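Descriptive analysis of the structure
Listed here are the chains, written in short residue letters.
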Amino acid sequence: AMSPSPLSRSSSIVDPPTMSAVNVAVNLLWCVPNEVGGSEQYLVRQLVGLASQPAGLTPTLFCLPSFVEAHPELAALYPMVPAAIDGRDRRRRVLAEHTWLAARTAGFDVVHHGGGTAPRRGGRPIVLTIHDLQYESHPEYLHPVKLRYLRATMPRSVARAAVVAVPTEYVRSTV
């Protein structure tokens, strides 16, 4: 006997599956408070706004101790995991992203790198926020070592990202 067509079956209402929260690790190790320009304010606004949205994303912020002190409004909303670095020594910060951060974010569903670059090691999938491509449009503003680092790291970071987020249409058009 032929089984009935799905259209001829009596239909019953089925509740959609409940979505479990997505655990998101947020890399803010690059964010030295009051030293990174508008990207700090942008991401803080985004995180504060995220808290007012329906449940679905559960962020944990991996940051510098000075970031915890500078942003008690975020500490009231999300777990914050401070690294034992101050963020001012770029080499040490990059090493911490490749080791300390990679080890602590391995079990997360998604890792968000809000500073435009992502370490070679670490969990996937990743979301990468790029605030600008100033290193390309105004290379004269950067120390030659940082310029070489960004030219090597930015394309690799974009290639690793499942999603690239930008704050404006202009930045989207340049990326």
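The paragraphs below set out a description of the structure included in this document. Owing to the predicted nature of the structure, the values given are computational and were not obtained by experimental measurement.

1. Points about the sheet that holds strand E3 (residues 80-82)
- A sheet is described by the order of its strands in space; here six strands give the open sequence E3-E2-E1-E4-E5-E6, paired in parallel fashion. On the outer flanks of this sheet lie E3 and strand E6 (163-165), each paired with one strand and no other. On average, each strand axis in the sheet is inclined to that of its neighbour by 20°, with strand direction left out of account.
- Relative to E6, strand E5 (residues 126-129) is paired through three bridges, and the arrangement is parallel. Bridge pairing links Thr 129 to Ala 165 in E6.
- Against the sheet, helix H4 (residues 90-105) touches strand E1 (22-27), strand E2 (57-63), E3 and strand E4 (110-113), its axis set at about 150° to E2.

2. A few points about helix H1 (residues 38-51)
- An ideal rise of 1.5 Å per residue puts 20 Å on 14 residues; H1 measures up with 20 Å between its terminal C-alpha atoms.
- Among all positions of H1, only Ser 39, Glu 40, Tyr 42, Leu 43, Val 44 and Leu 47 are buried.
- Of the surrounding secondary structure, the elements contacted by the buried residues of H1 are E2, helix H2 (65-70), helix H3 (72-75), E4 and E5.

Quick notes on the rules
Residues numbered from 1 in each chain as written. Predicted model: local features only at pLDDT ≥ 70, side-chain atom pairs only at ≥ 80, totals over all residues. Heavy atoms only, no water. Pairing = 2+ DSSP bridges. Helix = DSSP H or I, 4+ residues; strand = E, 2+ residues; numbered from the N terminus. Axes fitted to C-alpha atoms, helices over the stretch in contact; angles between N-to-C directions. Contact = heavy atoms within 4.5 Å. Expected span 1.5 Å × (residues − 1). Buried < 20%, exposed > 50% of the residue type's maximum accessible area, 1.4 Å probe, protein only.

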